[in-house]
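Each chain, written out:
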Amino acid sequence: MVLTTSLPERDRLPTYLAPVPKVLEDLGLRFAWLVVAINLAGTAFGFWYYSGQLADTALVMWPWVPDSPLATLFIALAIAAWKLGHEQPWLTSLAFFGNVILGLWTPYTLLAFSDAYGYLHPLMFQFLFWSHLAMVVQAYVLHRISDFPVWGIAVALVWYGSNLVVDYFVPIVGEPHHTFIPVPRDAPMFLGADALGVVAAGEVTFAMLALFLALATRIKKCELGRARSDGTATQ
């Protein structure tokens, strides 16, 4: 087993692909095992949080229900694999997609239904809001450990595409498997949309954003690699 001890170089990516300051990226990578532990703790809490919904869901559909806990599990495993010297691009891509999508979708949903979420303790509301935004921050550090090959992105797209299908369009078994929302699915919201349409629109939008960011990162890394190769060849 070969443990990764040095920090990977930081490519000169555009700010929209690498908005986290290098000092914070380095800090997270330097304390990678602590980040893994925090995400595993979040995963355990998340499965507890979803326990009621899982109890009402057919066992075969369980993998598509606890979206946020799976996202934190993916990133914990992806970082652990990198630290052990065996970075898995498909796993890192799953982690990136999951943490971008769910890291944005949960705060979006909490705000869209803020009045209906009044049953949550204010501290729980704040915890859910900010902890999920932190998922987006850690997703933006993954460019340091992976080149996001297209086949890895494809794996993530298939998984999260299937998640969108069973959450909102074709549940396959039972009812749509999206995270519980505190109002009826057909409750009127705004711009002619009902509650289900609002949460679906958010998740579809964030899934497209994750796909764009992952592919853009891949393209920029390829361009930088080609530029380095050309520079070496001319020396």
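See the structure above.
The rules behind the values
- Residues numbered from 1 in each chain as written.
- Predicted model: local features only at pLDDT ≥ 70, side-chain atom pairs only at ≥ 80, totals over all residues.
- Heavy atoms only, no water.
- Salt bridge = Lys/Arg side-chain N within 4 Å of Asp/Glu carboxyl O.
- Helix = DSSP H or I, 4+ residues; strand = E, 2+ residues; numbered from the N terminus.
- Buried < 20%, exposed > 50% of the residue type's maximum accessible area, 1.4 Å probe, protein only.
- Arc of directions from axis to C-beta.
- Contact = heavy atoms within 4.5 Å.
- Axes fitted to C-alpha atoms, helices over the stretch in contact; angles between N-to-C directions.
- Left-handed = near helix turned anticlockwise from the far one by under 90°.
- Nonpolar A, V, L, I, M, F, W, Y, C, P; charged D, E, K, R; others polar.

(A) Looking closely at the pattern of salt bridges. According to the stated counting rule, one finds nine salt bridges in the structure shown. Residue Glu 25 is joined to Arg 10 by a salt bridge in which the shortest nitrogen-to-oxygen separation is 2.8 Å. Within this pair, whereas Glu 25 is found in helix H1 (residues 22–30), its partner Arg 10 is found in the segment before H1, the two being separated by 15 residues in sequence. On the basis of relative accessible area, Arg 10 is assigned to the partly exposed category, the value being 26%. The closest approach of N and O atoms between Asp 11 and Arg 228, which form a salt bridge, is 3.6 Å. Of this pair, Asp 11 sits in the segment before H1 while Arg 228 sits in helix H8 (residues 195–233), placing them 217 residues apart in sequence. You can call Arg 228 partly exposed: its relative accessible area is 48%. Taken together, the shared-partner salt bridges connect Arg 10, Lys 22, Glu 25, Asp 26 and Arg 144 into one network.

(B) The arrangement of H1 in detail. Those residues of H1 not exposed but buried are Glu 25, Asp 26 and Leu 29. End-on view of H1: buried residues confined to an arc of 95 degrees, all on one side of the axis. Those residues of H1 hidden inside the fold are in contact with helix H2 (32–49) and helix H4 (67–83).

(C) Representation of the packing of H4 against helix H5 (residues 89–112) in the model. It is the contact of H4 with H5, at a shortest axis distance of 8 Å, that shows an interaxial angle of 145 degrees. Viewed along their axes, H4 and H5 form a crossing whose handedness is left-handed. Of H5, the residues touching H4 (which contributes Asp 67, Ser 68, Ala 71, Thr 72, Phe 74, Ile 75, Leu 77 and Ala 78) are Leu 91, Thr 92, Leu 94, Ala 95, Gly 98, Asn 99, Leu 102 and Thr 106. Residue composition of the contact of H4 with H5, grouped by class: nine nonpolar, six polar and one charged.

(D) Expanded view of the environment of Ser 6. Inspection of the secondary structure assignment puts Ser 6 in the segment before H1. Under the relative-accessibility criterion, Ser 6 is labelled exposed at 51%. Residues Ser 6 and Arg 30, 24 residues apart in the sequence, show an inter-C-alpha distance of 8.5 Å.

(E) Region of interest: unusual backbone geometry. One non-glycine residue with positive phi stands out, namely Ile 172, at about 70 degrees. Relative to the elements of secondary structure, Ile 172 occurs in the loop between helix H7 (150–169) and H8. Backbone geometry places Leu 191, a non-glycine residue, at a positive phi of 55 degrees. By the secondary structure assignment, Leu 191 is in the loop between H7 and H8.

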